Amino acid sequence: VNALSWARGVDHSVSTRRCEASVQHSLEVYKEKAPLLYTASEHMRRKEAACEHLRAQARGPARAHHLQRLQQSCEHAWPVARRRCPCVSLNGRVCVNAEGHRQSENG
């Protein structure tokens, strides 16, 4: 039983180290070539790509915890100042301004 506990502890330790490195690499995947402003759908696409990268790299019992940590890091990497307005014009083009620009105009 002692040997089993020791092996489980080693497995968790190795998994944690690998997952921590994978979180950093996956967050770089999220940030890679990110435009100055981007929409919620682009944020979700980037976050899913980062999560897929982590799932491919991370192993072991620490994986689920680090996947959750990556998702939180992606949310923090997309601050309000980088959010693009989701409005679409009558000709079908997405607004190029920051989110909330219309509220500040009506001030």
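Structure's up top.
Note that this is a predicted model, so its numbers are computed, not measured. (Residues numbered from 1 in each chain as written. Predicted model: local features only at pLDDT ≥ 70, side-chain atom pairs only at ≥ 80, totals over all residues. Heavy atoms only, no water.)

Enquirer: I'm lost on the nonpolar core in this one. Help?
Expert: Generally speaking, a soluble globular protein has its nonpolar side chains buried in company with each other. Ranked by size, the top nonpolar core spans 15 residues in total, and within it Leu 27, Tyr 30, Ala 50, Leu 54, Leu 70 and Cys 74 carry the most contacts. Mapped by element, the contributors of at least two residues to this core are helix 1 (2-31), helix 2 (40-57) and helix 3 (63-77). In this structure Tyr 30 touches Tyr 38, His 43, Arg 46, Lys 47, Ala 50, Cys 74, Ala 77 and Trp 78, once residues within four positions along its chain are discounted. (Core = buried A, V, L, I, M, F, W, Y, C linked by side-chain atoms within 4.5 Å. Buried < 20%, exposed > 50% of the residue type's maximum accessible area, 1.4 Å probe, protein only. Helix = DSSP H or I, 4+ residues; strand = E, 2+ residues; numbered from the N terminus. Contact = heavy atoms within 4.5 Å.)

Enquirer: Please clarify how the packing of helix 2 against helix 3 should be interpreted in this entry.
Expert: Each packed pair of helices is defined by two parameters, the angle between the axes and the distance between the axes. Axis separation between helix 2 and helix 3 bottoms out at 10 Å; the angle between their running directions is 155°. Looking at the two axes, helix 2 sits roughly antiparallel to helix 3. You can see that helix 2 and helix 3 cross each other, and the crossing is right-handed. Here His 43, Lys 47, Ala 50, Cys 51, Leu 54 and Arg 55 of helix 2 come into contact with helix 3, specifically with Arg 63, His 66, Leu 67, Leu 70, Gln 71, Cys 74 and Glu 75. Of the residues in the contact of helix 2 with helix 3, the class split is six nonpolar, three polar and four charged. (Axes fitted to C-alpha atoms, helices over the stretch in contact; angles between N-to-C directions. Parallel < 35°, antiparallel > 145°, perpendicular 65-115°, else oblique. Left-handed = near helix turned anticlockwise from the far one by under 90°. Nonpolar A, V, L, I, M, F, W, Y, C, P; charged D, E, K, R; others polar.)

Enquirer: What am I meant to see in the state of the cysteines here?
Expert: What is meant by a disulfide is a covalent connection between two cysteines, made through their sulfur atoms. Summed over the entire model, instances satisfying the criterion amount to zero disulfides. As a non-bridged cysteine, Cys 74 has Cys 51 as the owner of its nearest cysteine sulfur, 5.9 Å distant. (Disulfide = S-S within 2.5 Å.)

Enquirer: Would you explain unusual backbone geometry in this entry?
Expert: Most peptide bonds are trans, and most residues other than glycine sit at a negative phi. Its identity as a non-glycine residue notwithstanding, Lys 33 has a phi of 55°, on the positive side. Considering the arrangement of structural elements, one finds Lys 33 in the loop between helix 1 and helix 2. The class for Lys 33 is exposed, based on a relative accessible area of 75%.

Enquirer: Just checking my understanding: could you explain the environment of Pro 35 for this structure?
Expert: Position of Pro 35 relative to the elements: it lies in the loop between helix 1 and helix 2. Overall, the relative accessible area of 34% leaves Pro 35 in the partly exposed class. A C-alpha to C-alpha distance of 9.9 Å links Pro 35 and Arg 84, two positions 49 residues apart in sequence. Aside from chain neighbours lying at most four places away, what touches Pro 35 is Arg 46 and Arg 82.

Enquirer: What's the story with the packing of aromatic side chains in this structure? I'm lost.
Expert: Aromatic ring pairs are described here by two measures, namely the spacing of the ring centres and the angle between the planes. Overall, the coordinates contain two aromatic pairs when judged by the stated rule. Ring geometry for Tyr 30 versus Tyr 38: centroids 6.5 Å apart, planes at 65°, classification edge-to-face. Note on Tyr 30: relative accessible area 1%, which makes it buried. Taken together through their ring pairs, the aromatic side chains of Tyr 30, Tyr 38 and Trp 78 make up a single cluster. A cation over a ring is seen here: Arg 46 above Tyr 38, with NZ or CZ 5.7 Å from the ring centre. Lying over the aromatic face of Trp 78, Arg 83 brings its terminal NZ or CZ to 4.2 Å of the ring centre. (Phe/Tyr/Trp six-rings, centres within 6.5 Å; stacked < 30°, edge-to-face > 60°. Lys NZ or Arg CZ within 6 Å of the ring centre and 35° of its normal.)

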